[in-house]
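As a plain string of letters, each chain reads:
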Amino acid sequence: MVRETSNKSVLLGVLDRWFPPDGNKAGKFYMTTDDNEQVHLTIWPVYETPQPWDEDTPLKPYMRGLDPYDMVDRTVQVIADYKGERNGVDQYTPTQIKV
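If you're wondering where the values come from, they're calculated on a predicted model, not measured in any experiment. (Residues numbered from 1 in each chain as written. Predicted model: local features only at pLDDT ≥ 70, side-chain atom pairs only at ≥ 80, totals over all residues. Heavy atoms only, no water.)

Enquirer: Tell me about the overall build of the chain, and please be specific about residues and values.
Expert: In terms of helices and strands, the chain carries 1 helix and 6 strands. In terms of overall dimensions, the chain is globule-like: its C-alpha atoms have a radius of gyration of 13 Å, near the 13 Å expected for 99 residues. The principal-axis extents of the C-alpha atoms in the chain amount to approximately 35 × 25 × 25 Å. Put simply, the chain has 99 residues, and 39% of those count as buried. Contacts in the chain between residues at least 24 apart in sequence constitute 47% of all its contacts with a sequence separation of at least 6. (Helix = DSSP H or I, 4+ residues; strand = E, 2+ residues; numbered from the N terminus. Rg over C-alpha atoms; globule rule 2.2 N^0.38 Å. Buried < 20%, exposed > 50% of the residue type's maximum accessible area, 1.4 Å probe, protein only. Contact = heavy atoms within 4.5 Å.)

Structural data, given as structure tokens:
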């Protein structure tokens with residue numbers, strides 16, 4: 001489910017796959033919402049982290065204490081900013097993730 005609240009969206013669903021940061025690309029979760037919509041969540045490294053990035057790169061503070069690999073196949077609630085659509089898939093940048 002995607003629910004709009006002011007400038008934020010609340011997404012409920014399951015994280016299907018995780019791709020860690022790589023080179024100059026941010027990490028990305030592929031998510032299926034509970035109404036069966038496919039969305040992508042871009043997970044950025046901590047600000048000013050030098051590139052190239054890899055799976056050991058520290059992620060934004062909302063990911064502190066969370067292991068992205070352990071989050072796959074888990075149900076989550078995500079508060080995120082909508083960034084647009086790419087190739088028919090809505091793109092979001094999370095500000096909070098709750099497993």
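Next, the rest of the story.
Enquirer: Please provide a residue-by-residue account of the pairing of strand 5 (residues 75–86), values included.
Expert: Strand residues, when the strand is regular, have side chains that alternate between the two faces of the sheet. The sheet contact formed by strand 2 (residues 8–19) and strand 5 spans 6 bridges and is antiparallel. By the bridge assignment for strand 5, Val 10 is matched with Ile 79. Bridge count between strand 5 and strand 6 (residues 89–98): 9 bridges; the pairing is antiparallel. For Ala 80, the partnering residue across the bridge sits in strand 6 and is Pro 94. In this antiparallel pair of consecutive strands, strand 5 and strand 6, the connection spans 2 residues, and Asn 87 shows a positive phi of 50°. (Pairing = 2+ DSSP bridges.)

Enquirer: How would you explain the nonpolar core if you had to name every residue and give the values?
Expert: Among the nonpolar cores identified, the biggest contains 17 residues, and Leu 41 and Ile 43 are the most heavily contacted of them. For this core, the secondary structure elements donating two or more residues are strand 2, strand 3 (27–33), strand 4 (38–43), strand 5 and strand 6. Residues within four places of Leu 41 in sequence aside, it is in contact with Leu 11, Leu 15, Gly 27, Lys 28, Phe 29, Met 31, Val 78, Tyr 92 and Pro 94. (Core = buried A, V, L, I, M, F, W, Y, C linked by side-chain atoms within 4.5 Å.)

Enquirer: Quick rundown of the environment of Trp 53? Include the residues and the values.
Expert: Take Trp 53: it is sitting in the loop between strand 4 and helix 1 (68–71). In this structure Trp 53 comes out as buried when scored by relative accessible area, which is 10%. For the pair Trp 53 and Thr 42, spaced 11 residues apart in the sequence, the C-alpha separation amounts to 14 Å. Residues within four places of Trp 53 in sequence aside, it is in contact with Pro 21, Asp 22, Gly 23, Asn 24, Lys 25, Ala 26, Trp 44 and Pro 45. Within the structure, Trp 53 has its side chain in polar contact with the backbone oxygen of Thr 49 (distance 3.0 Å). (Polar contact = N/O pair within 3.5 Å; in protein donor to acceptor, adjacent residues only side chain to side chain.)

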